[in-house]
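The primary structure of each chain is shown beneath.
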Amino acid sequence: MITEAFYRAGHPAPKLGVSPLSWVNEVLHELGAGTTAEHCLNEAKQAGFEGVELSRIFPRKPDALKQLLAQHQLKLISGWHDGFLTERSVAQELDAVHNHASLLQENVADVMVYGECGWMADNALDVPLSTRRLLPENQVAAYADRLSRFAETLYNQYGLRLAYHHHLMMVAETLPEIRALLSACSPSVGLLLDTGHATAAGFSYTQLIEEFADRICHIHLKDVRLDRLQQVRASGMTFNETVLSGMFTVPGDGGIDFRPLAEFIARSGYQGWMVVEAEQDPAKAPPLETVTRAQRYVAQHLLPANV
């Protein structure tokens, strides 16, 4: 069993980063409108984080991004890719990802977050959660094969591990869907463990640890206000409405029990990134105050020295 002694012996501990989603929303552009990259990065560093994920407000030229991050002494953790392998060939997806993967590679990221945006209903984030379009079971195997081959090439060409993001409204939302997909994929397909999306989808994130611990290569630390989750499900809200309602929040502000995750990190020797992420309205949840509180919570409750 790997415990705190593993890290004291000189092995790298998990790295703690933050998503710019606390400052600006990637879809709802009115949230955080006018926020600059410099402002976001300055506050991320001030709050005590080591790195950030990519954001629409960051430069897309590798050298410019590298220089900006260096000015704030922050690392690039990863970046989300809108994947369409439910519809595209592997060759088409590799063409689509080239500029993005090159940006991550040149800024020394280790993982790329893959979100499957194919097979979604029109305006999928603005229709009720209950109307999600489901991928037919007879298409899962072929999709998993394309995903596996894409992940293998992504690593071979760019040195990036694919971190598959299970996500509300996408083709792998529920535990049975995630299980069916990952079981059909090669080991090249890693798993992004998102505590908030698991809870909101109706299952405990601990089940992903139990079944797919060896695939977990990236972690999003998102909390859920459970009373609002009940309201969301009862009222037929859309995904964007759940964001605006404040269902998601930072670790420590909701109802998720993070102790099993802390135990997993301590016993497994996980050395990847843990990323504080909460899709909230920055006008209601002031970013610096919110992520600073989250950083302290995670450092106290999830890092190995405190487990």
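The rules behind each value
Residues numbered from 1 in each chain as written. Predicted model: local features only at pLDDT ≥ 70, side-chain atom pairs only at ≥ 80, totals over all residues. Heavy atoms only, no water. Pairing = 2+ DSSP bridges. Helix = DSSP H or I, 4+ residues; strand = E, 2+ residues; numbered from the N terminus. Contact = heavy atoms within 4.5 Å. Axes fitted to C-alpha atoms, helices over the stretch in contact; angles between N-to-C directions. Buried < 20%, exposed > 50% of the residue type's maximum accessible area, 1.4 Å probe, protein only. Right-handed = clockwise from strand over helix to strand, strands pointing away. Core = buried A, V, L, I, M, F, W, Y, C linked by side-chain atoms within 4.5 Å. Left-handed = near helix turned anticlockwise from the far one by under 90°. Nonpolar A, V, L, I, M, F, W, Y, C, P; charged D, E, K, R; others polar. Salt bridge = Lys/Arg side-chain N within 4 Å of Asp/Glu carboxyl O.

Okay, the sheet that holds strand E5 (residues 111–116) next. The strands making up a sheet associate through hydrogen bonds between their backbones, and the pairing can be parallel or antiparallel. On the basis of which strands lie adjacent, the open sheet formed by 9 strands has the order E3-E2-E1-E11-E8-E7-E6-E5-E4 and parallel pairing. In this open sheet, the two strands that pair with only one neighbour each are strand E3 (75–76) and strand E4 (80–83). Relative to strand E2 (residues 51–52), strand E1 (residues 15–18) runs parallel, the two being bridged by 2 bridges. Bridging across to E2, Val18 finds its partner in Val52. Along the sheet, helix H5 (residues 140–158) contacts E5, strand E6 (161–165) and strand E7 (189–194); its crossing angle with E6, the most-contacted strand, is approximately 140°.

So, about the pairing of E7. The side chains of a regular strand alternate, first on one face of the sheet and then on the other. With respect to burial, E7 is a largely interior element, 6 of its 6 residues being buried. In E7, alternate side chains face the same way, and those of Val189, Leu191 and Leu193 on one face and Gly190, Leu192 and Asp194 on the other are all buried. One ladder, built from 4 bridges, connects E6 with E7; its direction is parallel. The residue bridging Tyr164 from the neighbouring strand is Leu191, located in E7. Read from E6 through helix H6 (residues 175–184) to E7, the crossover connection turns out right-handed. Across 4 bridges, E7 lies against strand E8 (residues 216–221) in parallel orientation. Opposite Leu193, over in E8, you have Ile219 as the bridge partner.

Ranked by internal contacts, the top residues of the largest apolar core, which has 95 residues, are Leu147, Tyr164, Leu221 and Leu261. For this core, the element with the most residues is H5, which contributes 8 residues. Contact partners of Leu147, with chain neighbours within four places excluded, come to Leu85, Tyr114, Leu162, Tyr164, Leu181, Cys185 and Val189.

At a minimum axis separation of 10 Å, helix H4 (residues 90–106) and H5 run at an interaxial angle of 35°. As H4 runs across H5, the sense of the crossing is right-handed. On H5, the residues that touch Val90, Glu93, Leu94, Val97, His98, Ala101, Ser102 and Gln105 of H4 are Arg146, Arg149, Phe150, Thr153, Leu154, Gln157 and Tyr158. In the contact of H4 with H5, the residues fall into 7 nonpolar, 5 polar and 3 charged.

Topologically, Leu104 is positioned in helix H4. Note: C-alpha distance between Leu104 and Tyr158 (54 residues apart in sequence) is 8.4 Å. If near-sequence neighbours (up to four positions away) are discounted, Leu104 is found in contact with Leu76, Ser78, Gly79, Ala109, Val111, Met112 and Leu160.

Attention shifts here to the pattern of salt bridges. Opposite charge on two side chains permits pairing when their charged atoms draw close. Scanning all chains against the criterion turns up 11 salt bridges. Ionic pairing is found between Arg179 and Glu211, a salt bridge with its closest N-O pair at 2.7 Å. Of the two residues, Arg179 sits in helix H6 while Glu211 sits in helix H8 (residues 206–212), which places them 32 residues apart along the sequence. Through salt bridges with shared partners, a single network forms among Arg132, Glu173, Glu177 and Arg233.

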